[in-house]
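# Fold and contact review
Chain by chain, the residues run as shown.
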Amino acid sequence: MKIIGTGRAHPSKVVTNAMLEQFLDTNDEWIVSRTGMKERRVISSEKLEDMAADAARKAIEDAGLKPDDIDYIICSNVVNEYITPGLSCIIQGAIGAKCACVDVNAACSGFIYALDMADDRIRAGKAKHILVVAAEEPTRMVDWTDRSLCVLFGDGAGAVVVSYGEGMIASRLTTQSKTDCLYYVRKLEPTPYITKPEYGAPMYMNGREVFKTAVLSSSRDIKRLLDKAGLQPSDIKYYILHQANMRIIEAIANWLKLDMSYFPHNVDRCGNTSSASIPLLLDELAREGKLKKGDKILMSAFGAGFTTGACIFEWTK
Ligand code: COA
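Source: prediction; values computed, not measured.

## Overview of the side chain of Thr308
- Its location among the elements puts Thr308 in strand E13 (residues 305–314).
- On the accessibility criterion, Thr308 (1% relative accessible area) is buried.
- A distance of 2.6 Å separates a polar atom in the side chain of Thr308 from a polar atom in the side chain of Thr174.
- Within the structure, Thr308 has its side chain in polar contact with the side chain of Asp221 (distance 2.7 Å).
- The contact partners of Thr308, leaving out residues within four places of it in the chain, are Ser109, Tyr113, Arg172, Leu173, Thr174, Ser217, Arg220, Asp221, Ala301 and Phe302.

## Some details on the pattern of salt bridges
- Inspection of the entire model under this criterion finds 18 salt bridges.
- Residue Arg269 pairs with Asp268 through a salt bridge whose shortest N-O separation is 3.7 Å.
- Overall, Arg269 belongs to the partly exposed group, its relative accessible area being 32%.
- For Asp268, a relative accessible area of 17% translates into the label buried.

## Description of the environment of Tyr113
- The topology assignment puts Tyr113 in helix H5 (residues 110–123).
- With relative accessibility at 14%, the residue Tyr113 sits in the buried group.
- Those residues in contact with Tyr113, other than ones at most four positions away along the chain, are Ala106, Leu173, Thr174, Thr175, Thr307, Thr308 and Gly309.
- Engagement of the side chain of Tyr113 in a polar contact is seen with the backbone oxygen of Thr174, the distance being 2.9 Å.
- A distance of 3.3 Å separates the side chain of Tyr113 from the backbone oxygen of Thr308, its partner in a polar contact.

## Some thoughts on the site of the ligand
- Neighbouring the ligand are 24 residues, the closest being Thr26, Arg34, Arg147, Arg208 and Asn245.
- Between the ligand and Thr26 there is a distance of 2.6 Å, counted from a nitrogen atom to a side-chain nitrogen or oxygen.
- Separating an oxygen atom of the ligand from a side-chain N or O atom of Arg34 is a distance of 2.9 Å.
- Notes on the ligand: free accessible area 970 Å², of which the protein chains cover 75%.
- Put simply, the parts of the chain that give the shell around the ligand at least two residues each are helix H2 (28–35), helix H6 (147–150), helix H7 (207–229), helix H8 (246–256) and strand E12 (296–303).
- Top element by residues in the shell around the ligand is H7. It accounts for four residues.
- When the residues that make up the shell around the ligand are grouped by side-chain class, the tally is 11 nonpolar, eight polar and five charged.
- Residue-level mapping places the shell around the ligand at the junction of two domains, with at least three residues from each of domain 1 (2–165) and domain 2 (170–314).

Procedures and definitions
- Residues numbered from 1 in each chain as written.
- Predicted model: local features only at pLDDT ≥ 70, side-chain atom pairs only at ≥ 80, totals over all residues.
- Heavy atoms only, no water.
- Helix = DSSP H or I, 4+ residues; strand = E, 2+ residues; numbered from the N terminus.
- Buried < 20%, exposed > 50% of the residue type's maximum accessible area, 1.4 Å probe, protein only.
- Polar contact = N/O pair within 3.5 Å; in protein donor to acceptor, adjacent residues only side chain to side chain.
- Contact = heavy atoms within 4.5 Å.
- Salt bridge = Lys/Arg side-chain N within 4 Å of Asp/Glu carboxyl O.
- Near = heavy atom within 4 Å.
- Areas by Shrake-Rupley, 256 points an atom, 1.4 Å probe, with all protein chains shown as cover.
- Nonpolar A, V, L, I, M, F, W, Y, C, P; charged D, E, K, R; others polar.
- Domains from an automatic or database assignment.

Here's what the structure looks like:
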């Protein structure tokens with residue numbers, strides 16, 4: 001599988017740390033020193049499905065294809081207004097494609113899981129051109145009076161089109177059921193028969209636990225992948241890591257003994273956009289002309305579950 005097109009869409013509303021200070025007991029110094037975030041893009045009047053379709057159209061155009069050429073759509077998404085139908089079905093209608101569609105929810109690792117599924121499908125000869133979209137609005141999962149969480153997130157949609165080719169070098173997915181350190185619970189409709197206690201709750205996160213697990217698991221995935229591919233850390237042009245926290249990215253850079261030029265980031269401008277963070281950053285790099293044919297890229301993400309996903313691929317465009 002190789003990536004032949006990328007696209008992205010951001011919400012128009014920029015929320016700076018100073019804007020958060022107006023209604024929360026927080027300050028720019030705390031947010032920047034703990035997370036590296038200066039501002040984030042937050043959904044206001046937009047719909048996530050429109051942003052997802054916008055990113056998809058741009059990726060298809062960048063690939064030099066038409067929506068008709070797409071024969072499978074995979075959308076990574078944790079939350080949107082619809083429980084059903086899947087966001088992938090909505091994107092299909094919006095862009096005028098005619099293929100089978102499916103959603104995946106692997107939390108912030110979802111884009112890597114979706115890419116891995118696309119790789120399998122292409123290797124199996126079941127599809128020629130697959131659209132992979134990651135569209136997320138985590139700002140709708142948090143309690144905006146909780147300063148420890150609402151400052152961390154932003155919204156956005158990133159997309160890629162993949163097709164047959166020699167791009168994917170190695171990938172690795174892991175899941176460890178650990179449901180008490182990061183979750184969001186939605187209350188279902190009542191029925192006349194429900195007798196068990198039920199509740200809904202905004203996102204809960206044990207930040208320190210997630211921080212530790214994220215650094216350890218991403219470092220482990222990166223090492224295993226480099227070993228599998230027979231590469232040294234410096235053979236990778238860019239490490240495109242899940243943009244959850246600048247300190248996590250710096251800890252991984254330190255562990256690899258690499259300087260920060262290997263670690264492009266958008267967390268300072270976009271916040272944590274869940275599974276959209278990697279394709280958003282990938283599109284940014286591609287459109288700024290920073291990716292050259294033959295560059296090796298390593299992507300690594302972690303998220304609720306606890307899931308991790310990582311892959312190494314070569315830029316072939
Ligand atoms: N502004 C000011 N103070 C804040 C604050 C805010 N926005 N949020 C929390 N605080 C306070 C806390 O109340 C606490 O105060 P106390 O010591 O008086 O009790 C203090 O800051 C330290 O809180 P703590 O949670 O220990 O901070 P931390 O250094 O662990 O940083 C995170 C918190 C969330 C930034 C950090 O744990 C983190 O990034 N974790 C990983 C998150 C992540 O990657 N999530 C994505 C998963 S996909």
